[in-house]
Amino acid sequence: VFPRIKSDVVELFEQTWQQILGTTPLEVDPRTAACVMMVAGGYPEHYEKGDVISGISDIRQDESLVFHCGTKLNDKGKVVTNGGRVICVTSFAPTLPEALLKSYQSAEKISWDGKYMRHDIGQDLLKLL
């Protein structure tokens, strides 16, 4: 939901704090957003840390956003896993099926040893369409 907000979020937070939220129009991207979480193998139980992640630079920023959750830079400057929930990919499209497809396509470009992601995310919502 948050990536769809086009308004200045700092201004929105300030208005909330000042209890004047609503004095500026909230601008929201009309497209649908869908997110796919990639986790370390073994999550939520024991999982490995330190696996080098590749493919992040292959994601087109005009189609998908990559959120780092459980990552860090190692001493060689490489992005590595550092938690159970590793990376989240959010994509935009006119419809939910298209947004999910883009998220999965982008997520497939990213890899590391033990990478796991569910492939049923959003499928229950698609049945309602």
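Details of the structure are given in the entry above.
These lines cover the structure that appears in this document, whether it is placed above or below. Throughout this document, residue positions are counted from 1 along each chain, in the order its sequence is written. The predicted origin of the model limits local features to residues at a pLDDT of at least 70 and limits the giving and counting of side-chain atom pairs to 80 or more, whereas totals for whole chains, interfaces and linings rest on all residues. The side-chain quantities take in all heavy atoms of the structure and omit both hydrogens and water.

1. Describing the pattern of salt bridges
- Note on definitions: salt bridges are taken to be side-chain nitrogens of Lys or Arg within 4 Å of carboxyl oxygens of Asp or Glu. The full count for this structure, using the stated rule, is three salt bridges.
- Put simply, Asp29 and Arg31 hold a salt bridge, and the shortest N to O gap is 2.7 Å.
- In this scheme, a residue with accessible area under 20% of its type's maximum is buried, one over 50% is exposed, and one in between is partly exposed, where area comes from a 1.4 Å probe on protein chains only. Note on Asp29: relative accessible area 8%, which makes it buried.
- The partly exposed category is assigned to Arg31, whose relative accessible area is 31%.

2. Considerations on the packing of aromatic side chains
- Each Phe, Tyr or Trp ring (for Trp, its six-membered ring) is paired with any other whose centre lies within 6.5 Å, and the angle between the two planes then decides the class: stacked below 30 degrees, edge-to-face above 60, tilted in between. Applying the stated criterion to the full structure yields one aromatic pair.
- Relative to Tyr47, the ring of Tyr43 lies with its centre 6.2 Å away and its plane at 50°, an arrangement referred to as tilted.
- Taking relative accessible area as the criterion, Tyr47 reaches 24% and is therefore assigned partly exposed.

3. Thoughts on unusual backbone geometry
- The peptide bond linking Tyr43 to Pro44 adopts the cis configuration, its omega dihedral lying at 15°.
- Counting from the N terminus, the helices are the DSSP runs of H or I reaching at least four residues and the strands are the DSSP runs of E reaching at least two. Mapped onto the fold, Pro44 is located in the loop between strand 1 (32-40) and strand 2 (64-68).
- Look at Gln19: it is not a glycine, yet its phi comes out positive at around 60°.
- Positionally, Gln19 belongs in the loop between helix 1 (9-17) and strand 1.

4. Looking at helix 1
- In protein, a polar contact requires one atom able to donate a hydrogen and another able to accept it; more generally it is a pair of N or O atoms within 3.5 Å, and residues adjacent in sequence count only if both atoms are side-chain atoms. A distance of 3.0 Å separates the backbone nitrogen of Val10 from a side-chain oxygen at the start of helix 1, and that oxygen is part of Asp8.
- Downstream of helix 1 by one or two residues, Gln19 has phi in the positive range, about 60°.

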